[in-house]
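So you can see what is in the structure, the chains are spelled out below.
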Amino acid sequence: MAQYDLIIIGAGPAGMTAAIYGARADMNVLMLDKLAPGGQIINTNEIQNYTGVGTVNGAELAYQMFEHTQQFDTITFDYATVKEVVDNGKEKLVRCEEDDKEFTASSVILATGTRPRCLHVTGEDKFRGNGISWCAICDGAQYRDKDVVVIGGGNSAVEESIFLAGIVKSLTIVTMFDLTADPIACDKLRAMDKVTVYPYQDILEFMGDSHLEGVRFRSTKTGEEKTVSCDGVFEYIGLTPTTECFKDLGVLNDMGYVEVNDRMVTKVPGIFGAGDCITKNLRQVITACADGAIAAQEASHYVKNL
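Residue positions are counted from 1 within each chain, in the order its sequence is given. Note on the predicted model: pLDDT of at least 70 is required for a residue's local features to be given, and 80 or more for side-chain atom pairs to be given and counted; whole-chain, interface and lining totals, by contrast, use all residues. To get the side-chain values, take all heavy atoms of the structure and skip hydrogens and water.

(A) A look at the environment of S107. Only DSSP runs of H or I covering at least 4 residues are called helices, and only runs of E covering at least 2 are called strands; the numbering of each starts at the N terminus. Looking at the element boundaries, S107 is found in strand β8 (residues 102-110). When the C-alpha positions of S107 and G131 are compared, they lie 43 Å apart, and in sequence the two are 24 residues distant. When near neighbours in sequence (up to four residues on either side) are disregarded, S107 contacts D5, L6, I7, K92, G270, F272, A299, Y302 and V303. Two N or O atoms count as a polar contact when they lie within 3.5 Å, although within protein this holds only if one can serve as hydrogen donor and the other as acceptor, and sequence-adjacent residues are included solely when both atoms are side-chain atoms. At 2.9 Å, the side chain of S107 forms a polar contact with the backbone oxygen of D5. Residue contacts are defined here by distance: any two heavy atoms, one from each residue, within 4.5 Å place the two residues in contact.

Below, the structure is given as structure tokens:
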């Protein structure tokens, strides 16, 4: 069984930054993720607010971050699906699904991020992956010159809508409130051709027989129902923390987020949190990186004082 000073679960911006800071603090670091390093940013077309970089493709930024981690001989990356973290006092046990692999460490950083939330309305399961997607960068190209609906009005919805508006025939945005993304991005989207916005709407149904044909929704102000025909739908209605494997640690709040203080410390000694899966107000790449740096610094202090 491999022994490390620090195990980081999740290889998004928070996890990779934590790995770099951990290595620089002379710790032997293992970084685990079931998917390619990068987390949510892999599926982001453009990132425009990461200081010093300007506009950058999300996958490109993820690759640069991972390349940075590989400059350190004391950072090991492994593909693994963590199923449980056990607190044994000064030693933490991390169990993985693949081949029942187990790793131990003196400290653990939980940086598993989030995943897209679903609407749970009629037709959503039927057309999941066959008309309904949560990733415009992954699936947008197949809807070139077709009619598309985006559900949501936050930063992710608006940013991905700007990308889609450049390739689709028509783009309809349906949101429960108004557009709530950064004002500059909202203004850019509203100024684009082929874009129609329906604010203050509840989604009622995804319609179609063998394939998706449209979306039915209702105004929360007037009660009027409307149906928009479309070939594809992209949902951006919020996020759910990917923290199920930590449920027995006693570090999650009622919403499933990891509870930490301003030093990324949980109530369990030696267990830290970082990135989108923790309780916080702003979930951005730059704040995730800051979380990772703080968490690794605190983990280093913890390990040295054991």
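Having seen the model, we can carry on.
(B) Examining the sheet that holds strand β17 (residues 232-235) more closely. What the 5 strands build is an open sheet, ordered β10-β17-β11-β12-β13; its pairing is parallel. Edge strands, defined here as strands with exactly one partner in the open sheet, are β10 (132-133) and β13 (195-198). The pairing criterion for strands is at least two bridges between them, as found by DSSP. When strand β11 (residues 147-151) meets strand β12 (residues 170-174), the two strands line up parallel, connected through 5 bridges. Paired with V150 across the strands is I173, a residue of β12.

(C) Quick peek at the environment of M16. Note on placement: M16 falls in helix α1 (residues 13-24). Distance in space between the C-alpha atoms of M16 and I75 is 9.7 Å, their sequence separation being 59 residues. If sequence neighbours within four positions are ignored, M16 has contacts with A11, M31, P37, G38, A62, M65, F66 and T69.

(D) Structural view of the environment of F66. For F66, the position within the fold is in helix α2 (residues 58-69). Here the alpha-carbon distance between F66 and A11, two residues 55 residues apart in the chain, equals 8.4 Å. Once residues lying within four places of it in the same chain are set aside, the contact partners of F66 are M16, M31, P37 and F77.

(E) Representation of the sheet that holds strand β14 (residues 201-208). If you walk across this open sheet you meet the 3 strands as β14-β15-β16, and the pairing is antiparallel. Strands with a single pairing partner mark the edges of an open sheet, and in this sheet they are β14 and β16 (225-229). If you compare each strand with its neighbour and ignore which way they point, the axes differ by 25° on average. Across 5 bridges, strand β15 (residues 212-219) lies against β16 in antiparallel orientation. Paired with R216 across the strands is T227, a residue of β16. Axes here mean lines fitted to C-alpha atoms, for a helix over just the part in contact, with angles spanning 0 to 180 degrees between N-to-C directions.

(F) Layout of the side chain of E235. Structurally, E235 can be placed in strand β17. In this structure, E235 is buried with no salt-bridge partner, the nearest side chain bearing the opposite charge being R128 at 7.2 Å. A polar contact of 3.4 Å, which involves the side chain of E235, links it to the side chain of W134. Sequence-distant contacts of E235, defined by excluding residues within four places in its chain, comprise R117, C118, L119, E124, I132, S133, W134, I151 and F206. Partly exposed describes any residue whose relative accessible area lies between the buried limit of under 20% and the exposed limit of over 50%, with all areas from a 1.4 Å probe on protein chains only and scaled to the type maximum. His is not counted, nor are the chain ends, whereas Lys and Arg count as positive and Asp and Glu as negative. When a carboxyl oxygen of Asp or Glu lies within 4 Å of a side-chain nitrogen of Lys or Arg, that pair is called a salt bridge.

Just geometry here; none of it tells us what the structure is for.
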